[in-house]
Structure formats: structure tokens, C-alpha cells
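Single-letter residue listing:
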Amino acid sequence: MLLKSSEEEGRPGVEHPAHSALTEADTHTIRVDVMRTRGNHPAFGPQMRERLRELLTQLCLKEKIRYMQGLHEVAAVFAYIESTEGFHPTESTESTDASSRTLECFMAFVRNFMPCFYDAESFVILHITLLFFRQLLLYHLPHLHNQLEEAGVAPVVYATPWFITLFAYKNPLHVTMRLWHEYIRRGDPTFVPFLAVALMELEKQAFLNVEEDDLNSAVDRTRITSLEKLRDVWKAAESLHARTPKSFTFRMSKVLTQVRQQLRKLSDMQSDMQWMSLGKETGHPWTESVLARAEQERRLALLAREAIAQYVRPVPSKVSEAGTAVPSSGLPSLRVLLLDVRPRSAFDAEHLPHAVHFHPPCLARLAQATNGSRRSAERLAQALKQAMVEVGDLVLRKDSTPTMAAEDDGLGAEVFQSLQLAASEAWGEGWLSESERAHLAILGGEEDWDSAQLCRPGAVAALFELLAEQLSMPRVSVVLGGAAVLHREAEKRGVPTTATPPTPAAAAAESAAAGAERLRGFLSKTATGARSAFQSFPSFKRDGKAKDAKDAKGSES
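Because the structure is predicted, anything quoted here is derived from the model rather than measured.

Analysis parameters
Residues numbered from 1 in each chain as written. Predicted model: local features only at pLDDT ≥ 70, side-chain atom pairs only at ≥ 80, totals over all residues. Heavy atoms only, no water. Helix = DSSP H or I, 4+ residues; strand = E, 2+ residues; numbered from the N terminus. Buried < 20%, exposed > 50% of the residue type's maximum accessible area, 1.4 Å probe, protein only. Contact = heavy atoms within 4.5 Å. Areas by Shrake-Rupley, 256 points an atom, 1.4 Å probe, with all protein chains shown as cover. Expected span 1.5 Å × (residues − 1). Arc of directions from axis to C-beta. 1 Å grid on protein atoms, 1.4 Å probe; cavity = no way out; pocket = protein on both sides within 12 Å on 5 of 7 lines; lining within 4 Å. Points joined across faces, edges and corners; volume = space filled by probe spheres on them. Nonpolar A, V, L, I, M, F, W, Y, C, P; charged D, E, K, R; others polar. Lys, Arg positive; Asp, Glu negative; His and termini not counted. Salt bridge = Lys/Arg side-chain N within 4 Å of Asp/Glu carboxyl O. Polar contact = N/O pair within 3.5 Å; in protein donor to acceptor, adjacent residues only side chain to side chain.

1. Side note on the overall build of the chain
Looking only at helices and strands, the chain has 26 helices and 5 strands in total. For the chain, buried positions account for 50% of its 557 residues. Sequence separation of at least 24 residues holds for 76% of the intrachain contacts in the chain that already meet a minimum separation of 6. As displayed, the chain has an accessible area near 27100 Å², and 52% of this comes from carbon and sulfur atoms.

2. Points about helix α2 (residues 24-35)
Every α-helix carries 3.6 residues per turn, so stepping three or four residues along brings you back to the same face. With 12 residues, α2 should cover 16 Å at 1.5 Å per step; its first-to-last C-alpha distance of 17 Å lies within 8% of that length. Looking only at α2, the buried set comprises D26, I30, D33 and V34. Down the axis, α2 shows its buried residues gathered within 100 degrees of arc, on one side only. Seen from the buried face of α2, the exposed residues on the opposite side, beyond 90 degrees, are E24 and M35.

3. Examining empty space enclosed by the protein
As enumerated under the stated definition, the model contains 5 cavities of 30 Å³ or more in all. Size it by volume and the largest cavity reaches roughly 100 Å³. E297, R299, W449, Q453 and C455 are the residues nearest the centre of the largest cavity, which is lined by 13 residues in total. The class makeup of the residues in the lining of the largest cavity is 6 nonpolar, 2 polar and 5 charged.

4. So, the side chain of R49
Its location among the elements puts R49 in helix α3 (residues 46-63). E73 provides the closest opposite charge to the buried, unpaired R49, separated from it by 9.4 Å. From its side chain, R49 meets the backbone oxygen of T37 in a polar contact 2.7 Å long. Discounting chain neighbours no more than four positions away, the residues touching R49 are V34, M35, R36, T37, R38, G39 and F44.

So, to be careful, I would describe these as geometric facts and stop short of saying anything about function.
Given below as C-alpha cells:
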């Protein structure tokens, strides 16, 4: 199956033609890694380790790639299968030599399922895989994601071995072989993050119960130790896959394909120089731009085509006019709730019939306060705690409520309570309940997105941060590109939008609210400037100069 797949799909990896021999550093690293591979397994004696060294050396030479740590874990599985005479002649295998068949299957497996090993020193593919894993973890398990973030336990530390070795790292050989068997049969490279999140989900309670200082060790000990646990992980991963917008897997597959194609082009362009000099020594603008963008994409994005597809069927009678339509066939059965956070005038000009408008003055203040950063978000947690207790559907950890600053007191709670009122009226009181499994998609305007479709600081970014990263609300996403992209897609697919003629009272109210916000901002800036000037005046510095203070007091008298 591996050889056939390799022939049909070609070579998706990056060839580095300048490599005709292994470097001394690579040879040394291979030798060290071979000696520590499966040290406690009885099958890995001197002869097996020599075979393992040969496989790694031949792979790097034939594929013209640098050796990367983690390859030894993958090669160990093939060396073990060969030692048990697991490779038998087949009609599609030209060579009758067992060693050649082992190497061919090893190479085919790495080409098709281990793209990180063709990533050279830039690790672009690994970074992108970790990015999508983080999005998926935040989407389905925000409470756990946020706890790990607060403790400083980064995915690059604990999840990298999973993605580099496809879960071969520290897992039993028989479990690894069964997992790979199922993975090859599925044939979906985007399924790896679902397996990782499913594993985290099964261990979630253990992580939540440990002290913060022990959290890193607890995550590092996560294993798939038995076939029974593997079945549980696989079943949970399939369930997560069925409950995730198709936009996630589509975008991940598209991005990875484009990156691999670009890496091949760069390799062809640099055929006359060492590949190793491209990354670390000379740098490359394209690689740097990809990694820079990866750092900015923190939110699961719903494509406009999927958002529209959820509305193409008639709304069932039991759903109100402000509810959501039945998903079209071929898509996951998701209840997508479209929350339009544009100003009232933009919403009235054009919107989807089932979108709920939400743009209270407190949301504008929240966007101004957070400005897309985590500074104010951390200070909002205390006030949000009481709001969430009142709803009762989401639970915050008792030890994760830092003290709020006075100027932000109640702002987050005000936003959430306003959202709860608007959402309950449109979608029912149980819209937050876990049994509903609703998916909240936040829709912004042109001011929320730049030309590269990156989310700017504003209402969308602030509300997402509040709901997902502070309240740990699951299944929160943003509609990629905003309302302009969504409405163009609706027109393309024949889905009608609607407009609401503004009433004089509504227009006056919006104008008054906008004026009040401008005045509030002006007064806030004025007060800040006055306070700064006042504190910087020498007579009022807190330096113990009591005489200046007395002179000032006397002058006032």
C-alpha cells in the first residue's frame, strides 16, 4: 500500500540536490540516536541497531535531506518489522531483497506521512501543524488550553514529538504499528491534530487536577500505552472530526500543500548551493513571512462557503426566524450561530436573514480596551466569573481569577450579559448548554480584517478573546474575511440577503451612542494626560520632598 501510494502521488517532499553525503554532524547524531532507541526492548540488540543506522543513512542519502532527530523512532518500527519477517514479496514489489523492500517502504512512508522531515531547518511545516493543533484545542477544549497557556506549557514542547514521529515516541511498538495501520487506511494527513486533541481530552481531568508546577510533567507523561486506549483515542478523534467545521481540515490541507510546493520551488532555485544555508545562515523572506503569519492566526476560521452552506435549506418550523438553518448534506451536522458584530448601520444595509446583530456600546469599549492584546483580558476575568456563575453552563477554575483594574471593572461582565440577553432571545435560553453543542461564528466588517485576511484588533478579536480565552467557551470561531466576503459568497450561491430600513429613532440612538463613545474616549485620554502631567511635576513626585508639598499647600491657601 505504501509503495503504491508513493507511485500514485509522486514525491511530495523537498529534494535537496546539493547533498551527496552526510555531514559529520549528521553521522554523529545518527550514531547517538541509534544507541538510545528502544533501549529496553529485547529485540534491539547490536545487529538491530546497525540495521537501524543503515536505514537512517540510506534514507538521508537517497532523499537528499538532513537528518532530523525523531527519524530514528520511525525507522525503528520498520527495522523491527523486518526482523520479524513482516515484509513479504508482493506483485507490486519489483525487488526480492527484504532489505531493499524495507528501505523502500520506509522512504515511502516518510514521503507521504512525515512532511516535517523535509522541512530543513526552517520547520515551517511543523510550525503550521502546531498552529492548527492549537486552534483545534482552543476550539474544543478551551478550559484545558487556557490552563496550559497560563502555566507556560507550550504545544511546541509536548506536541512536537507526536507530530514528528506520528506518535511513535515512547509508545509501545505494537500500539504504534496499529495506529499507523489505521492512519494509512484513512489516508488523511489532517487527522493528526484530531488524534492529539483526543489524547488530551482523555487525559483532561488528570491535567486539571495537578498543581500548576507539575502540569508540564503530567503532559509529558501522556502516552497511548495499550490497544484499548488507542481505540478510545481513535474513537474520540473521529467524534471531534465530526463536530468540527470542514473549514478547519480544508484550510490545513491547502496551507500544507502550498507550503510543500513552495519548498520544492525554493529547492529547485537553490540547486547550486547547500540547502542548509537557506534557512539559518542567509534566511529567506518567504519562510519568515509564513512563520510570522502563523504566529498571528490564533482563531479557528470558518470559510464563507461553509457559513453560507449552513443556510441553504429551509428553516424548520421549530426554529425561530432568528435561528439557524439545517446544514446542507455533505457537511458536519453543526448548529452554527452567526453573530454579526458590525455597527447597526452596516448590519441594516445588508445581512443574512438568520444572523443576530450584536454591537452594544460596551463591546466597542471592550475592543478599545483590549486592542487585540491579552493585557485587559487577564484583568477582566474577575468580573466575568460572576456573570458565568449566573448562566451556570460554563465553569471557571476557582484559582484562575486575577484581580481586575478599577477602570475595567464590570466591562467584560457587561459585554457577556448583553450577549446572553440577545442570544437567548434569538436562540433560546439553552444556547450555551453543552447538550446543544452550538457553534458560535463571529462575523465582523471590513475594519476587522486586513488585505491578507488577518484579523485586526477590534470587535471580532476582542469578543473572541473574551469568550474563548477568558470564559473558556467552546466552539467559538470567526468568519474569515468578514461580512463582505460572506455576502459575496451568498450572492454567488443564490442565497438572498436582507436589508432593514433604519428608523429615525434607531439612527438617532446610534448617533448618540457614537457621540457618547467619542466623548468617553476624549475624557479618558484627557484624564490620563492630566494625571501623567500631574505626577511628573517635581513638587508632587513621591520622593519624600515634604517641603515642596507644604509650599504648594500654602500657596493654595
